[in-house]
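Structural description and commentary
In case you want the letters, here they are:
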Amino acid sequence: MVVPGEIRQALVEHAQSELPNEACGLVVVLDGVAQRYVPGRNAAASPYRFELEVDPETWFLEDEGYELAVFHSHPSSPARPSRTDVENIGLWERKPYLILSAASGDLAAFTIDGGRISSVQLTT
């Protein structure tokens, strides 16, 4: 997946603005390239988990051929899925799952399928 610099910067800025809690949102992807970031609201308001709230119209982008990848930040832990992430994957199973470590600035992507975590290569 390609995440252009301006979208990566939007992820970093959102993560920093939500500290000490996790930030979350959706990355809109077309043909493996992130087109834009739609910031969401973390209804859990927690540094340990997120509950994504986003404009419901965003979900219809999938009907237009876009893929929606979930994004969230980890305020102090590495950019890899936590046990909580795996247990609460829900609708995001088998879909791109981006995590930014607000502490280090590292950004990584994964898919989670049946509890199995697989890395997704990111380029800028």
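Reference entry: report on the structure contained in this document.

Definitions and cut-offs
- Residues numbered from 1 in each chain as written.
- Predicted model: local features only at pLDDT ≥ 70, side-chain atom pairs only at ≥ 80, totals over all residues.
- Heavy atoms only, no water.
- Helix = DSSP H or I, 4+ residues; strand = E, 2+ residues; numbered from the N terminus.
- Buried < 20%, exposed > 50% of the residue type's maximum accessible area, 1.4 Å probe, protein only.
- Contact = heavy atoms within 4.5 Å.
- Areas by Shrake-Rupley, 256 points an atom, 1.4 Å probe, with all protein chains shown as cover.
- Lys, Arg positive; Asp, Glu negative; His and termini not counted.
- Charge placed at Lys NZ, Arg CZ, Asp CG, Glu CD.
- Polar contact = N/O pair within 3.5 Å; in protein donor to acceptor, adjacent residues only side chain to side chain.

For the protein chain, the count of helices and strands is two helices and eight strands. Beginning at the N terminus, the succession of helices and strands in the protein chain can be written as α-β-β-β-β-β-α-β-β-β. When its C-alpha atoms are laid out on the principal axes, the protein chain stretches across 35 × 30 × 30 Å. Looking at the protein chain residue by residue over its 124 residues, the buried ones come to 43%. For the protein chain, contacts bridging at least 24 residues in sequence account for 58% of all contacts bridging at least 6. Working note: accessible area of the protein chain is about 6,600 Å², and carbon and sulfur atoms make up 47% of it. Separation of charge centres in the protein chain, based on 9 positive and 18 negative side chains, amounts to 7 Å.

Mapping histidine 72 onto the fold places it in strand 5 (residues 67–74). A distance of 3.2 Å separates the side chain of histidine 72 from the side chain of aspartate 85, its partner in a polar contact.

Below, the discussion takes up the environment of isoleucine 112. Mapped onto the elements, isoleucine 112 comes out in strand 7 (residues 107–113). Looking at isoleucine 112, the relative accessible area reads 1%, which means it is buried. Sequence separation between isoleucine 112 and valine 38 is 74 residues, and the spatial gap between their C-alpha atoms is 22 Å. Not counting chain neighbours up to four residues away, the residues in contact with isoleucine 112 comprise Pro81, Asp85, Val86, Ile89, Glu93, Arg94, Tyr97 and Ile117.

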